[in-house]
Amino acid sequence: MSIWPKVLQRSFIYSSLTSCGVEQYPVRPSTMTYDDVNLLAAKIKPKQQRVELQMAMDTKSPNYCRSKGEQIALNVDGTGYEESNTYSVKMMDNQTFSSIQATTNTSRYAAAIFRKGELHVTPLTGILQMRPSFAYLDKADNKTREREAANEGGDSSQDEGEEEAKAISVRFARPESEQARQRRIQSYEFLQKKQAEEPWIHLQYHGIKDGRSEHERQYLFCQRVDTSDNSELVKTPKEYLTMLMPPLAEEKFVKPVGPSNVLSMAQLRTLPLGEQIKTLMKNVKVIQFASLMGLLASGSDSVTVLRCIQQVALLVQGNWVVKSDVLYPKNTCSPHSGVAADVLCRGRDFVMWRFTLERSLMRKEVTAMIKLPPEDVKDFLEQVAVPRVNRGWEFLLPADVDFVKKHADVAQRQQMLWLGIQSKLEKVFNFSKDDFLPKNSPLPEPVHISGEQRLKLAQDRAQEKQASLQMDLEAKRAGSGGVRIKQEPLSDGEAEPMDVSPPLPSSSGIPNGSLNGYPGEGHTNGGSPSNVPSPELLDFVTKTFGNNPVLTLNELKRLFSLHLASIPAGHIPFGPVSDHMLQDAALLSRCKQIMVPFPALTTASADEQKVFGLWETGEDFDKHRRLLYEMFTKTYRVRRSAVQARLSEEFGDVSKADLDRLLKECCSSHAGMWYLKGTIQS
């Protein structure tokens, strides 16, 4: 039995001498054609193979929503009648279809027609998919933005005179390098500009039953059916086999381009040994010596590696940690807070020195000592440690005791370096090594004391202190100038500490010790001088509010942290400063808290909701600020026109310059509304 299939029919294949394109409508089923739809306009960009067809819509169809069509036309064209309107009848009565290329390589595709036992094939020059265009929605959005800009511009341009003359700075473009030119040519904006330069060519549409369409369809058939003249499909068997199975071309592997801050191990090993170690340490931050040798090229001399690594790293618990000046070179600053590099290096050296003494650190203790922003302190710790529950930050790697034993001379040299760093840190931060005894040092045996013994010890201590407390009490009574101080009997136990809470308001409604309605500097009725802001802190807060009349507590704290970081190390005039002390300093600096009614679903933190405004400077402009603050006690945002109307109502005509100054000093603008500075929620 033969396995070859039976030939049912033999047909000649002819290739036409023309070419054509195919248009597909993928968003519509094949049973719903556009043959009977009235086509209003057609245009093409031949080089880009872009086609746009404008087709009429059946507005009388039961599936057409008339109100929605009128609303879309109103949003797109507005209420005016212009020739450039998209919809001339104030109703969406047409739809535009725009093409995209289904494929860029059409050499494998052709259109074929079978007629009288002959197959006529026409090559395709393009396959386009026609999809609805929604450019009218973009036009509607632009109209909306223009109206909003006009409204906002109208508010800001009321009562404006002639614009003031402004200086214009002339800048000359630098010569464009070849690399910059190539980037510009390959950019999306350049491609869009080049595509927009090709003009549209308007076409005349002929329906499927038109005589011109029938005439054009005849070109799909080969005009000469003589095989001698039709040489398109005449190939030798060898050529035909080559077309079916082309020879394999050698694949060219393009080396991938990585980010500028990433270096492969193959590229790394092409660098000198010192640069290899420096690059590795900048990336890993902390590493054991054995792991470092594994990353370097095989055959690297350990003695040479030790000599190189000591130039860029320090030994901490037998592990190598990159030096601070390598991570933060000179004339750089913190990416988080903008603190200078030398200040960052001192703070990071303190963290590493502490890790030479113990395994774990508490971030609060570190922050209190080096007085840097929390983001920078966290960055220091994340480089060399991991957080542990109830233990703070623990050093990242276990102590490498084997390296210390094997290279005792290197460990001793590093110990001497740390002693020098310790002496510098003690002068900068004013501490002693005894203040940081290792927490894992052996503790003395606990002594068990019974409850009766503990009570007796407390009574003895209270009796010993009673005499000194009585003397202090009499001295305060004598210096109080006739103010009676309530005396509480001492308990049988330990003497309780004095109450340092703020004094209660008096019957007149003004706190004791106040001056002209502001909290004074006295410390009567149990006030504690330690809770009163220092003159240096008051001076800083006064200058800050002089430059920024409105600040939230969160922003004030941030500015205070930056101020601390800029002070030379070891010369910080402030003691411990709490949030309450900052608030008291603001109130003592002729400021008042503005009770802004934030919305119920606000994402602002508690510090961001505490807003302080400069209340009194001695200028006539103070009354404008107070009126603005009063408006913000009723709403958290206002319009410019509302502020102008309120100022005119209270103080008569207010110049545009005064209004601009008031809003610029105290507020920030967003989406046509004005908010107090620091209260805009993202």
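The shown structure was predicted, so the numbers you read here are calculated from the model rather than taken from an experiment.

**Quick word on the pattern of salt bridges**
Within this structure, the stated rule accounts for 27 salt bridges. Between K43 and E52 there is a salt bridge whose closest N-O contact spans 3.7 Å. You can call K43 partly exposed: its relative accessible area is 23%. Given a relative accessible area of 18%, E52 falls into the buried group. Residues E178 and R181 are paired through a salt bridge, measuring 3.6 Å at the closest nitrogen-oxygen approach.

**Details of the packing of helix α18 (residues 535–547) against helix α20 (residues 579–588)**
Two elements in contact, α18 and α20, have axes separated by 9 Å at closest approach and are oriented at 65°. Crossing handedness for the pair α18 and α20: right-handed. Residues L537, L538, V541 and F545 of α18 pack against M581, L582, A585, A586 and L588 of α20. Looking at the contact of α18 with α20 residue by residue, the class counts come to nine nonpolar, no polar and no charged.

**Describing a nonpolar patch on the surface**
Taken together, the side chains of Y240, L241, M243, L244 and M245 present a nonpolar region at the surface, about 600 Å² in accessible area. Its location among the elements puts M243 in helix α6 (residues 237–244). Relative accessible area serves as the criterion here: at 53%, M243 is assigned to the exposed category.

**Details of the sheet that holds strand β11 (residues 319–322)**
Across the sheet, which stays open at both edges, the three strands sit in the order β9-β11-β10 with antiparallel pairing between neighbours. If you trace the sheet from one side to the other, it starts and ends with β9 (286–287) and β10 (313–316), each paired once. Two strands pair when backbone bridges link them, and β10 and β11 are joined in this way by four bridges, in the antiparallel orientation. Across the sheet, L314 pairs through a bridge with V321, a residue of β11. Lying over the sheet, helix α16 (residues 408–429) contacts β10 and β11, oriented at roughly 100° with respect to β10.

**Side note on helix α23 (residues 656–666)**
Listing the buried residues of α23 in full gives L659, L662, L663 and C666. The buried side chains of α23 occupy one side of the element, clustering within an arc of 90° when seen end-on. Exposed positions of α23 whose direction lies more than 90 degrees from the buried face are A657 and K664. Tucked inside the fold, the buried residues of α23 contact β17 (550–552), α21 (622–632), α22 (640–651), β20 (667–670) and β21 (673–676).

**A short note on the packing of aromatic side chains**
Counted by the stated rule, this structure contains 17 aromatic pairs. With centroids separated by 5.9 Å and ring planes inclined at 80°, the aromatic side chains of W320 and F403 adopt a geometry described as edge-to-face. Taken as a pair, W320 in strand β11 and F403 in helix α15 (residues 401–406) lie far apart in primary sequence, 83 residues in all. With respect to class, W320 is no different from F403; both count as buried. Stacked on the ring of Y34, the Lys or Arg R28 has its end atom at 4.1 Å from the ring centre. Directly above the aromatic system of W200 lies the positively charged group of K43, at a separation of 4.8 Å from the ring centroid.

**Focus: the confidence of the model for the protein**
Put simply, the protein has an average pLDDT of 79, and 78% of its residues get 70 or more. Looking over the protein, one finds the lowest element-wise mean pLDDT in strand β15 (residues 514–515), namely 35, and the highest in β11, namely 95. Low pLDDT (under 50) marks residues 439–447, which in the prediction has three contacts with non-local residues, meaning those over four places away or in another chain. Low pLDDT, under 50, characterises residues 480–529; the predicted model gives this stretch 42 contacts beyond four residues in sequence or across chains.

**Some remarks on the environment of V404**
Positionally, V404 belongs in helix α15. Assessed through its relative accessible area of 33%, V404 is described here as partly exposed. The sequence separation of V404 and Q317 amounts to 87 residues, and the corresponding C-alpha distance is 8.6 Å. Not counting the four nearest positions on each side in its chain, V404 is found in contact with G318 and A411.

**Let's talk about unusual backbone geometry**
Its identity as a non-glycine residue notwithstanding, N331 has a phi of 70°, on the positive side. Along the chain, the position of N331 falls in the loop between α11 (324–327) and α12 (341–357). Exposure remark for N331: the relative accessible area of 76% places this residue in the exposed category.

**Thoughts on helix α19 (residues 553–566)**
Its 14 residues give α19 an end-to-end C-alpha distance of 20 Å, which sits within 8% of 20 Å, the value for a rise of 1.5 Å per residue. Among all positions of α19, only L553, L556, F560, L564 and A565 are buried. Where α19 is buried, its residues contact α12, α18, β17, α20 and β19 (611–614).

**Overview of the nonpolar core**
Among the nonpolar cores identified, the biggest contains 56 residues, and I277, M281, W320, F350, F355, I370 and L372 are the most heavily contacted of them. Tallying contributions element by element places α12 first for this core, with ten residues. Formed by 42 residues, the second largest nonpolar core is a distinct cluster that contains L627, F632, L647 and L663.

Scoring rules and cut-offs
Residues numbered from 1 in each chain as written. Predicted model: local features only at pLDDT ≥ 70, side-chain atom pairs only at ≥ 80, totals over all residues. Heavy atoms only, no water. Salt bridge = Lys/Arg side-chain N within 4 Å of Asp/Glu carboxyl O. Buried < 20%, exposed > 50% of the residue type's maximum accessible area, 1.4 Å probe, protein only. Axes fitted to C-alpha atoms, helices over the stretch in contact; angles between N-to-C directions. Helix = DSSP H or I, 4+ residues; strand = E, 2+ residues; numbered from the N terminus. Left-handed = near helix turned anticlockwise from the far one by under 90°. Contact = heavy atoms within 4.5 Å. Nonpolar A, V, L, I, M, F, W, Y, C, P; charged D, E, K, R; others polar. Patch = residues over 30% accessible without salt bridge, like charges linked within 9 Å, V, L, I, M, F, W, Y side chains within 5 Å. Areas by Shrake-Rupley, 256 points an atom, 1.4 Å probe, with all protein chains shown as cover. Pairing = 2+ DSSP bridges. Arc of directions from axis to C-beta. Phe/Tyr/Trp six-rings, centres within 6.5 Å; stacked < 30°, edge-to-face > 60°. Lys NZ or Arg CZ within 6 Å of the ring centre and 35° of its normal. pLDDT = per-residue confidence, 0-100. Expected span 1.5 Å × (residues − 1). Core = buried A, V, L, I, M, F, W, Y, C linked by side-chain atoms within 4.5 Å.

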